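Observations on chain architecture
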Amino acid sequence: MTGLTLLYTDTSPYARKVRIVALEKGLDLELQATPPLGDPSNLQQANPLGKVPALVADGETFYDSPVICEYLDTLASPHLIPAEGQSRFRVLRLQALVDGVLDAAVAMRIERMREESLHWDVWFDRYRRAIMRSLDEMDRRASDEIAGRMDLGAIGAAVATGYLDFRWPDIEWRRGRPALSEAIDALSVRDSFKATLPPDNA
Ligand SMILES: N[C@@H](CCC(=O)N[C@@H](CS)C(=O)NCC(=O)O)C(=O)O
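We now turn to the structure provided with this report.

Cut-offs used in this document
- Residues numbered from 1 in each chain as written.
- Predicted model: local features only at pLDDT ≥ 70, side-chain atom pairs only at ≥ 80, totals over all residues.
- Heavy atoms only, no water.
- Phe/Tyr/Trp six-rings, centres within 6.5 Å; stacked < 30°, edge-to-face > 60°.
- Helix = DSSP H or I, 4+ residues; strand = E, 2+ residues; numbered from the N terminus.
- Buried < 20%, exposed > 50% of the residue type's maximum accessible area, 1.4 Å probe, protein only.
- Lys NZ or Arg CZ within 6 Å of the ring centre and 35° of its normal.
- Near = heavy atom within 4 Å.
- Polar contact = N/O pair within 3.5 Å; in protein donor to acceptor, adjacent residues only side chain to side chain.
- Areas by Shrake-Rupley, 256 points an atom, 1.4 Å probe, with all protein chains shown as cover.
- 1 Å grid on protein atoms, 1.4 Å probe; cavity = no way out; pocket = protein on both sides within 12 Å on 5 of 7 lines; lining within 4 Å.
- Sits in = over half its atoms within 2 Å of the grid points.
- Axes fitted to C-alpha atoms, helices over the stretch in contact; angles between N-to-C directions.
- Parallel < 35°, antiparallel > 145°, perpendicular 65-115°, else oblique.
- Left-handed = near helix turned anticlockwise from the far one by under 90°.
- Contact = heavy atoms within 4.5 Å.
- Nonpolar A, V, L, I, M, F, W, Y, C, P; charged D, E, K, R; others polar.

Now for the packing of aromatic side chains. Per the counting criterion, the structure on display carries 5 aromatic pairs. The interplanar angle of 70° and the centroid separation of 5.6 Å between the aromatic rings of Phe-124 and Trp-168 together place this pair among those described as edge-to-face. Of this pair, Phe-124 sits in helix α5 (residues 121-145) while Trp-168 sits in the loop between α6 (152-167) and α7 (178-188); the two residues are 44 residues apart in sequence, bridging distant segments of the chain. Taking relative accessible area as the criterion, Trp-168 reaches 13% and is therefore assigned buried. A connected cluster of aromatic rings, assembled from ring pairs, spans Trp-120, Trp-123 and Tyr-127. Here the guanidinium or amino end of Arg-88 rests over the ring plane of Phe-89, the centre of that ring lying 6.0 Å away. Lying over the aromatic face of Phe-124, Arg-112 brings its terminal NZ or CZ to 4.0 Å of the ring centre.

Below, the structure written as structure tokens:
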């Protein structure tokens, strides 16, 4: 296999998901720190959307994080996305839910980076409500789809809640969600999760 280079930042939760997948599978990723907001040309060449993560592999580039994870899953065991059947679509559905939580949490952050007179509470509150409903759904699904599992859905759930701890601790995602909280605690002791935590000071 040729080299795998990941354009990433250490604060991007989408990139963290990819890095955890690679670590769990024992795949060696060359990490290339590429802050997207500086519009670096190598990132725009790899991904015209100008977003991280982007993977350069085998003379091809891949984006976005679900596609990169699916690609990595073909390269080595253990497989983190079931090949077929209902279990495959449960994992992909959970990934869609938790990536949606990330999309809303990132959008809330962008919204609050605007100067105060431009804050738009209607959208901010809408994103926040979507996150709350999705966390409730994750809690309902936790015992069947997260607890004791090592697949892309469970990884994504841990990454999404980790990002809320990092950027939006006031959401208190654990409050009233004991099943989700317990399932995430059990996953978080793994080396792959500990090695990819966002920096303290970002
Ligand atoms: N759906 C994408 C989302 C990637 C994304 O939004 N990345 C952010 C960093 S966390 C980014 O690069 N933002 C720069 C921009 O939007 O221009 C994925 O799953 O990879």
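A few words on the site of the ligand. Near the ligand, the surroundings consist of Ser-12, Pro-13, Tyr-14, Pro-36, Lys-51, Val-52, Pro-53, Asp-64, Ser-65 and Pro-66. Within the contact set of the ligand, a nitrogen atom lies 2.8 Å away from a backbone nitrogen or oxygen of Val-52. Ser-65 is positioned such that a nitrogen or oxygen atom in its side chain is 2.6 Å from an oxygen atom of the ligand. The fraction of the free accessible surface of the ligand (510 Å²) that becomes covered by protein chains is 75%. Under a 2 Å grid-point criterion requiring more than half of the atoms, the pocket assigned to the ligand is the largest pocket. Within the residue set of the shell around the ligand, elements represented by two or more residues are α1 (13-25) and α3 (65-73).

At their nearest, the axes of α1 and α6 sit 10 Å apart, and the two run at 140° to each other. Taken together, the axes of α1 and α6 are oblique relative to one another. As α1 runs across α6, the sense of the crossing is right-handed. Of the residues in α6, those touching α1 at Pro-13, Arg-16, Lys-17, Ile-20 and Val-21 are Leu-152, Ile-155, Gly-156, Ala-158, Val-159, Gly-162 and Tyr-163. Looking at the contact of α1 with α6, its residues break down into 8 nonpolar, 2 polar and 2 charged.

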